[in-house]
Every structure is written in structure tokens, then in C-alpha cells.
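# Fold and geometry: a report
The lines below spell out each chain.
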Amino acid sequence: MNKDFSSSKTAVGESAREMQIRRMPFEFPDEIDPHWNPRLPEWSHMANGASLAMPFLEPYLIRTLRKASELIDSETLKADVKLYMGQEAQHYQQHRKFNDTLIANGYVELPEVERRLSEDYKNMEENRSLKFNLAYAAGFESMALGVGHWLIRDREYLFGDSDTKVASLILWHFVEEIEHKNVAIDAYNYVYGDYFYRIYGVLYATFHVLKYSRIAYKLMLERDSLWSNLASRWRLMKIILRFHKNVLPSFFEACLPNHHPSKRPDPQWCNEWLDLYQKEGHTLEQIDTKNLTPGFS
Ligand SMILES: [Fe+2]
Ligand SMILES: [Fe+2]
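Heads up: these notes are all about the structure in this document. Remember, it's a predicted structure, so these values are computed and weren't measured experimentally.

Turning next to the coordination of the iron ion (ligand 1). All of the protein donors around the iron ion (ligand 1) are Glu58 (OE), Glu88 (OE), His91 (ND1), His173 (NE2) and Glu177 (OE); their distances to the metal are 1.9 to 2.2 Å. Summarised as a motif, the one-chain spacing of the donors to the iron ion (ligand 1) is E-x29-E-x2-H-x81-H-x3-E. Between the iron ion (ligand 1) and the iron ion (ligand 2), a spacing of 3.8 Å is present, and a bridge between the two is formed by Glu88. With Glu88 in helix α2 (residues 75–104) and His173 in helix α6 (residues 164–179), this residue pair connects regions lying 85 residues apart in the sequence. In this pair, the class of Glu88 matches that of His173, namely buried.

In C-alpha cells:
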């Protein structure tokens, strides 16, 4: 066991901010437009496709970290794992509500994708080792960190003038993904610490989640008759290239032997979000998507 880990505190000036479980009770009326960014319907469906996986992926991460916690003696790390589980539980419950609106909007093929996701995670838990599942969790979190940095850095392009509820759901989720960036890798390093197997986890988790996201967004674009539309496919290609350009460096960084998420400073906007939430309670449920440039200051 490797007992060398860092606590998951976010540096804020001289002090350190503790993680916390924030409740964001979003309400998504059925009439919410699945093309919540009308400028970029293909991006809307890419994010919808990723959202579809969350109510299956995140409970799996929670169960995995709960099992790992039984093998951890450090009270600090155990406390971080508990907060991590609390945050992930909030995330998937809100994504569940959002995903239900997608299905209610006529994307009737999605429950079959959900069934496959559920089966996959059940199989991994029943038939693979805890080492595999924890490496998956640490690998997924490494990628979530890279995606979180991209979403915040590129927020004006990705969320400008979009539906505030959906933008708020996604940005709240990824602010917390950045906040709990250290927990799964610290748990993995504490219990196993096998570098090459961790890389296997990064690869497996990344391709697994991307595979299901693609299956889901393809089905939604087909239902919209956009999959066969050349202009739409070109827009989709551009956003996929944008994703790769922004997220691939994080992927390679996550594969380095000395990788640790604590070495990467958190985006300023992310810290501002956390500070403002602290001050004003639940007012961040609806981010102003017409004013994303200057952050909150
Ligand atoms: Fe999450
Ligand atoms: Fe996470």
C-alpha cells in the first residue's frame, strides 16, 4: 500500500477550501429543448449522450470507492472519499432528471442504451477485480478533470446563449469534478499504486464512456434526421476536433508516471464559482449564459 497521498483541498490564496456536498435541485420541464444550445445542436447531443451514462457510471464509482474505503486506514482520505461519494450522488440524481426529459422528448431508443450501460457496469463489478474498478474510477476522474478544464475554458463557445438550466447543470457538475480531482487517484494509489494498471484504467474508462456517448448522440441525431445531413456532420466533426484538441493533452498528461491532479491549478472561474456559491447559497442554479466571459467578478 502506498500511503503517500495529498488531501483533496482546493488552494484558495493562503487558505485551503474543504470539499463540500452541494445540493442543486434542478427542475427540468418536459418541454426543455434537447437542443439546449440552438447554435450547436450537435454539441447539445454530444453532452446529452455523456449525460445518459451518468446515472449508471456515477453509482458504480460510488460503490467502487466505498469498497476501496474499507481498505484505507487514513482518516483524511476516508473523509475525502465520503465527500466524493456525496458529490457523485448529487450529480447522477440531477442527470437522471435531465435524461428523463430527453426520453420524454421522443428519443425512445435511449432506454435500450441505458439497459446496456447498466449491464456493463454490473458485469464489471461482478466479474472484474476491485483493482480494475478502482483503476477505471481513477482513469475516469483523470479524464473528467481534462474535460472540466475544457468546458470552463471554452464556456462562451459551448454554453453562450444556451439554456441556463442545462448549462448550469453541466458547469456545476464539472466544477465539482475539478474540486474532487484527487480522491479516486489517491484511493487507487493508496490501495494498489500500480502505475501501468492505472494507465489501463485511464484507457479503458475513456474509451468506454466515449463509446456509449457516441452511441447515444448518434441515435439522437438520427432521430432528428441530422445524422444524414452533410452540414450537420461537418459541424459535428468540428466539435469533435475541438474536443480532441482540448482534451487530448490532459489524456497524455494523465498517463505520465508522475501524474497527480493536484499539480494542475484550478481555473480561476471554477474558484470564483465556488466562492460565490459559498456566499450566496443556491443562486448558481442558473448561470447567466449571456455573460460567461468575465466570470463572476
Ligand atoms: Fe460527477
Ligand atoms: Fe467525479
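Surrounding the iron ion (ligand 2) are the protein donor atoms Glu88 (OE), Glu141 (OE), Glu141 (OE), Glu177 (OE), Glu177 (OE) and His180 (NE2), at 2.0 to 2.7 Å. Here the iron ion (ligand 2) is ringed by 6 donor atoms whose angles at the metal span 52 to 154°, and the overall shape comes out irregular. All donors to the iron ion (ligand 2) come from one chain, and their sequence spacing reads E-x52-E-x35-E-x2-H.

For the pair helix α1 (residues 41–69) and α2, the least separation of the axes is 8 Å and the interaxial angle reads 155°. In terms of their interaxial angle, α1 and α2 are classed as roughly antiparallel. Considering the relative orientation of α1 and α2, their crossing is left-handed.

Looking now at the pattern of salt bridges. Taken as a whole and assessed by the stated rule, the structure comprises 16 salt bridges. Arg235 is paired through a salt bridge with Glu42; the nearest N and O atoms lie 2.9 Å apart. Placement of Arg235 in helix α9 (residues 230–254) and of Glu42 in helix α1 is noted, with a sequence separation of 193 residues between them. Measuring nitrogen to oxygen at the nearest pair gives 2.7 Å for the salt bridge that ties Asp266 to Lys181. A residue pair is termed long-range when its members are at least 10 positions apart, and Asp266 in the loop between α9 and α10 (268–280) and Lys181 in the loop between α6 and α7 (183–191) qualify at 85 residues. Residue Asp266 is classed as buried on the basis of its relative accessible area of 17%. What makes Lys181 buried here is its relative accessible area of 8%.

Cut-offs used in this document
Residues numbered from 1 in each chain as written. Chains lettered and ligands numbered in written order. Predicted model: local features only at pLDDT ≥ 70, side-chain atom pairs only at ≥ 80, totals over all residues. Heavy atoms only, no water. Donors = N, O, S within 2.8 Å, 3.2 Å for Na, K, Ca; no water. Helix = DSSP H or I, 4+ residues; strand = E, 2+ residues; numbered from the N terminus. Buried < 20%, exposed > 50% of the residue type's maximum accessible area, 1.4 Å probe, protein only. Tetrahedral: all angles 85-135°; square planar, octahedral: opposite > 155°, others 65-115°. Axes fitted to C-alpha atoms, helices over the stretch in contact; angles between N-to-C directions. Parallel < 35°, antiparallel > 145°, perpendicular 65-115°, else oblique. Left-handed = near helix turned anticlockwise from the far one by under 90°. Salt bridge = Lys/Arg side-chain N within 4 Å of Asp/Glu carboxyl O.

Everything listed here is a matter of coordinates, which is why it stays silent on function.
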